[in-house]
Every structure is written in C-alpha cells, then in structure tokens.
Amino acid sequence: MPTIAENILFFDDKLKNTPCRLVAVTKTQPMEAIMEAYHAGHRLFGENRVQELLEKHEQLPHDIEWHLIGHLQTNKVKQIASFINTIQSVDSLKLLKEINMRAEAWNRSKPINCMFQIAIADEDTKYGMSCDEVEEILQSEEYRSMNYIRITGVMGIATNTDNEEKLRQEFRHLRDCFNRLKETFFFANPDFTEISMGMTSDYELAIAEGSTMIRVGSGIFGQRNYRK
Ligand SMILES: *Cc1c(COP(=O)(O)O)cnc(C)c1O
C-alpha cells in the first residue's frame, strides 16, 4: 500500500502541466492522516460536513485552503464564514444570500468563493440545481446586489457507476452548463473558471472531460471508516 505522502506525489505528478487541481477530501480522516498530506506539501482540502470542518480547521495549520463540498444548511453558514475559502455546494438562492450576508458580517478581506452544485446524476438528485435554475439566480436583482461573494464555477457528483459512457455524458453535461454560464454571465469575468468533477473512481474520465478540480478521498487516504 502506498503511503498518503506517496499518493499526494502521485496526483501532483499526474496533474502537473494540466489546469486541474486536487482537492484532498478529508471526511472521517484523523488529523495525523491530513497532516501527512500537509507535510507532503498539500494545502487544498475538502470536507463535506460542517462539524468536522470546524474541528479540523481549528486543529490544523491555518494556511490550509478549505472547501466545503457537502450540503450546507442555511443556519450553519455563520459557523464557517470567517475562514472558508470556497463553498462548492451552493444549491439555492437562499443559501447564496446567507453566505453573502455572513461574509459581510465578518468583514472578510476576501469574498467567499462559491460554486453552484449542478445535479448531473440520475440518482441522489436531492441536492444540486439544474443549469436553468442557476441562470434564474444569476438574473435576479438579489444576486446582483451581492458584494461579498465571488462565483468561481460549478460542481457536480456523477452517478456511482462504472459505465464509462454514462459518466462521460454526466461530466459533459456539467461542462456544457459551465460553458453556457460562462458565455452568458461571466464572459469577461476571470473568476469563473472551475469545473469541479471527478472522485477516486472516476477522476480519469473527469479530467479527460475538462475537470479543473478533482475531489479525491479514498484514493489518497484509503478506505473511510465511518465508525468512530
Ligand atoms: C466523499 C466525497 C468525495 C470523495 O470521494 P472518494 O470516492 O473517497 O474519492 C468527493 N466529493 C464529494 C462531494 C464527497 O462527499
């Protein structure tokens, strides 16, 4: 079994000379495991639960760039607004408004980066929006008055399948949505650049379909142990 540090180096090497970055997904992983990736030079980490994110942010070095990648309840935004770099899982106008308000309240030096989570899988459609719904948000007066957030791209979670053609279709769907939003709303905006797609089982396909951010957990840290 390769070590965590070796896995980080493996991905560094793989993504070298590509526009794609690695988000190391730390859910259920102990601090020592995350520190091993940190000491290998890695700084970009993703968590999908607020409680775990808070504990890890508090205990780990503060030059880590944290991305929230799981569903975020509106009432929890205030707990992470002081330090979160990017919220990849924005799935409603209500949530976006709350993020903007909390970022303003913290008087942050930098806006909170936000990405729209697009429902691309035919399963687990509980979270994520359609590209049309995102367009509606971007056309709203409310969105236009938000000054403390920055929209940096889109994120999607593909179906859990080994059907390559299906995965490719879903990744293309996300890329098409990104291109549509880029042309319509962010043509001259250099912040809107990210397509977050691909996990341990499907990152190769995601990269081939234009991913700029793969989110890898078990492929770096090994199997998750959900029992504590
Ligand atoms: C857990 C998780 C991942 C990483 O999953 P692996 O299969 O362990 O690579 C990526 N994205 C999201 C949103 C996750 O919740």
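Look a little higher up for the structure.
Owing to the predicted nature of the structure, the values given are computational and were not obtained by experimental measurement.

This paragraph deals with the site of the ligand. What surrounds the ligand is the set Val 25, Lys 27, Asn 48, Ile 69, Ile 157, Met 199, Thr 200, Arg 215, Val 216, Gly 217, Ser 218 and Arg 224. Within the side chain of Lys 27, one N or O atom sits 2.6 Å away from an oxygen atom of the ligand. If the ligand stood free it would expose 390 Å²; the protein chains cover 90% of that surface.

Another aspect to go through is the nonpolar core. The biggest cluster of nonpolar side chains holds 65 residues, and the ones touching the most others in it are Ile 80, Leu 96 and Phe 116. Here this core takes 6 residues from helix H8 (residues 164–185), the largest share from any one element. When near neighbours in sequence (up to four residues on either side) are disregarded, Phe 116 contacts Gln 88, Val 90, Leu 96, Met 129, Val 134, Ile 137, Leu 138, Ile 151, Gly 153, Val 154 and Met 155. Counting 7 residues, the second-largest nonpolar core is a separate cluster that includes Leu 44, Ile 69, Met 155 and Met 213.

What follows deals with the environment of Asn 85. Position of Asn 85 among the secondary structure elements: in the loop between helix H4 (77–80) and strand S4 (86–90). The sequence separation of Asn 85 and Trp 66 amounts to 19 residues, and the corresponding C-alpha distance is 5.5 Å. Leaving out residues up to four positions away in the same chain, Asn 85 has contacts with Glu 65, Trp 66, His 67, Lys 110, Ile 112 and Asn 113.

A word on the packing of aromatic side chains. The final tally for this structure, using the stated rule, is 5 aromatic pairs. Seen from their ring centres, Phe 45 and Trp 66 are 5.9 Å apart, and the 45 degrees between their planes marks the pair as tilted. One end of the pair, Phe 45, is in strand S2 (residues 44–47); the other, Trp 66, is in strand S3 (residues 65–68), and 21 residues separate them in sequence. A ring pair is formed by Phe 186 and Phe 192, whose centres lie 4.1 Å apart and whose planes are at 5 degrees; its orientation type is stacked. By the ring-pair criterion, three or more aromatic residues cluster together here, those being Phe 10, Phe 11 and Tyr 203. A cation sits over an aromatic face here: Arg 43 above Tyr 38, 3.6 Å from the ring centre.

Quick notes on the rules
- Residue numbers here run from 1 along each chain, matching the order of that chain's written sequence.
- Side-chain atom pairs in this predicted model are given and counted only at pLDDT of 80 or more, local residue features only at pLDDT of at least 70, and totals for whole chains, interfaces and linings cover all residues.
- Only heavy atoms go into the side-chain values, all of them from the structure, while hydrogens and water stay out.
- A molecule or strand has a residue near it when one of that residue's heavy atoms lies within 4 Å.
- Between N or O atoms, a polar contact is any pair within 3.5 Å; within protein, one atom must be a potential hydrogen donor and the other a potential acceptor, and residues adjacent in sequence are included only when both atoms are from side chains.
- Per-residue accessibility takes into account occlusion by the displayed protein chains alone, with areas from the Shrake-Rupley method and a 1.4 Å probe.
- Grouping buried Ala, Val, Leu, Ile, Met, Phe, Trp, Tyr and Cys residues that are joined through side-chain atoms within 4.5 Å yields what is termed a nonpolar core.
- Note on classification: 1.4 Å probe, protein chains only; a residue is buried when its accessible area is under 20% of the maximum for its type, exposed when over 50%, partly exposed between these limits.
- Helix and strand assignments come from DSSP, with helices taken as H or I runs of at least 4 residues and strands as E runs of at least 2, each series counted from the N terminus.
- We call two residues in contact when some of their heavy atoms are within 4.5 Å.
- Any two of the Phe, Tyr and Trp rings considered here, Trp counted by its six-membered ring, make a pair once their centres fall within 6.5 Å; the pair's planes then place it as stacked at under 30 degrees, edge-to-face at over 60, or tilted in between.
- Both a distance and an angle decide whether a charge sits over a ring: NZ of Lys or CZ of Arg must be within 6 Å of the ring centre and within 35 degrees of the ring normal.

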